[in-house]
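# Residue-level structural notes
The lines below spell out each chain.
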Amino acid sequence: MKSSIFVVAMLAVLSMTSCTANENDPMEQVESIDMLSTYGARNVSSSDKTFKNMHLDELPGISVKEACDILSIIKAHSQSEKNYEVKESLHGDHYDVDIVMDETVSNKYTFTIQLHMQKDNHKGTMYYKSYDANCSASNFAWYIKGFSFATDNVTGDNKFESPSYLYFKVMTDEVNYIQVPVMVKGTYCPTTNKAEFTYSL
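Residues numbered from 1 in each chain as written. Predicted model: local features only at pLDDT ≥ 70, side-chain atom pairs only at ≥ 80, totals over all residues. Heavy atoms only, no water.

### Considering unusual backbone geometry
We apply this condition: Per the convention used, a helix needs a DSSP run of H or I reaching at least four residues, while a strand needs a run of E reaching at least two, with both numbered from the N terminus. Only protein chains enter the area calculation, which uses a 1.4 Å probe; residues under 20% of their type maximum are buried, those over 50% are exposed, and those in between are partly exposed.
In this structure, His55 is a non-glycine residue whose phi angle is positive, near 55 degrees. Tracing the sequence through the fold places His55 in the loop between helix 3 (49–53) and helix 4 (64–77). The phi dihedral of Asn107 falls on the positive side, at around 60 degrees, and the residue is not glycine. Given the relative accessible area of 78%, Asn107 is considered exposed.

The structure is reproduced here in structure tokens:
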């Protein structure tokens, strides 16, 4: 009888040890960090200015795998063909030009960018005014820092560029706020009234 009790006790101890080892397997944690680092991810401190401005603490917590799956889908979609809308309206001596990028990724997340510009009616000179950007996702946040504007002296095309970031609240053995950089670039050709945007992780 004592022998049977001893065997049962040993099995219980081994079972507990096995569970603890799986939950704290350092190799599994290293793999998870590597999976996120392939996208240039970095941790964001709660003291970071963006943390407060973006209300990152209000994001729902997701797993490392969920974050990787989202990034994988967005990266794959960045290679697909995109269509953009250019709206132009005359106001006195100038045109208001709005370039709209409205992309839906995997029927889940819609990213919208609107660039607001002004074109001189006589000289045709383009002026960058402002932008609007938003994302429909509820399990991560998207932030665009602000567009730079330049004109190609050879082609006359307007070029736009902005660093942007995706933010995730990733749950491991602790709460991690992760930032992933996404570069957004765009061009607008005034002569053809056509625009193009690209983004890359």
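This is not the end of the story, as more comes after the structure.
### Focus on the pairing of strand 4 (residues 109–120)
Residues in a regular strand point their side chains to alternate faces of the sheet. Operational definition: Note on pairing: DSSP must find at least two bridges between two strands before they are called paired.
By the bridge criterion, 12 bridges tie strand 3 (residues 94–105) to strand 4 in an arrangement that is antiparallel. Considered in strand 4, the bridge of Val97 is made with Met117. Here strand 3 folds back onto strand 4 in antiparallel fashion, the turn holding three residues, of which Ser106 has a positive phi close to 55 degrees. Inspection of the sheet shows strand 4 paired to strand 5 (residues 126–135) by nine bridges, in the antiparallel sense. In the strand pairing of strand 5, His116 is matched with Ser130. The turn joining strand 4 and strand 5, which pair antiparallel and follow one another in sequence, is formed by five residues; a positive phi near 80 degrees is taken by Gly124.

### With respect to the environment of Met171
The cut-off we apply is this: Only heavy atoms enter the contact rule, under which two residues are in contact if any of them lie within 4.5 Å.
Among the structural elements, Met171 can be located in strand 8 (residues 158–171). Residues in contact with Met171, not counting those within four places in the same chain, are Gly61, Ile62 and Ser63.

### Quick word on helix 4
The following threshold applies: Given a helix with a known number of residues, its expected span is that number minus one, times 1.5 Å.
Its 14 residues place the ends of helix 4 20 Å apart at the C-alpha level, agreeing with the 20 Å of an ideal helix rising 1.5 Å per residue. Taken residue by residue, helix 4 has Val64, Ala67, Cys68, Ile70, Leu71, Ile74 and His77 as its buried positions.

### Structural notes on empty space enclosed by the protein
Basically, it comes down to this: Detection works on a 1 Å grid of protein atoms alone, calling trapped sets that fit a 1.4 Å probe cavities and calling open sets with protein on both sides within 12 Å along at least five of seven lines pockets, with lining residues defined by an atom within 4 Å of a point. Grid points are joined across faces, edges and corners, and a volume is the space filled by probe spheres set on the points. Polar here means any residue outside two lists: the nonpolar Ala, Val, Leu, Ile, Met, Phe, Trp, Tyr, Cys and Pro, and the charged Asp, Glu, Lys and Arg; Gly therefore counts as polar.
In this structure the tally under the stated criterion is one cavity of 30 Å³ or more. Roughly 90 Å³ of internal volume is contained in the largest cavity. Taken together, the elements giving at least two residues each to the lining of the largest cavity come down to strand 3 and strand 9 (175–189). Grouping the constituent residues of the lining of the largest cavity by class yields nine nonpolar, no polar and one charged.

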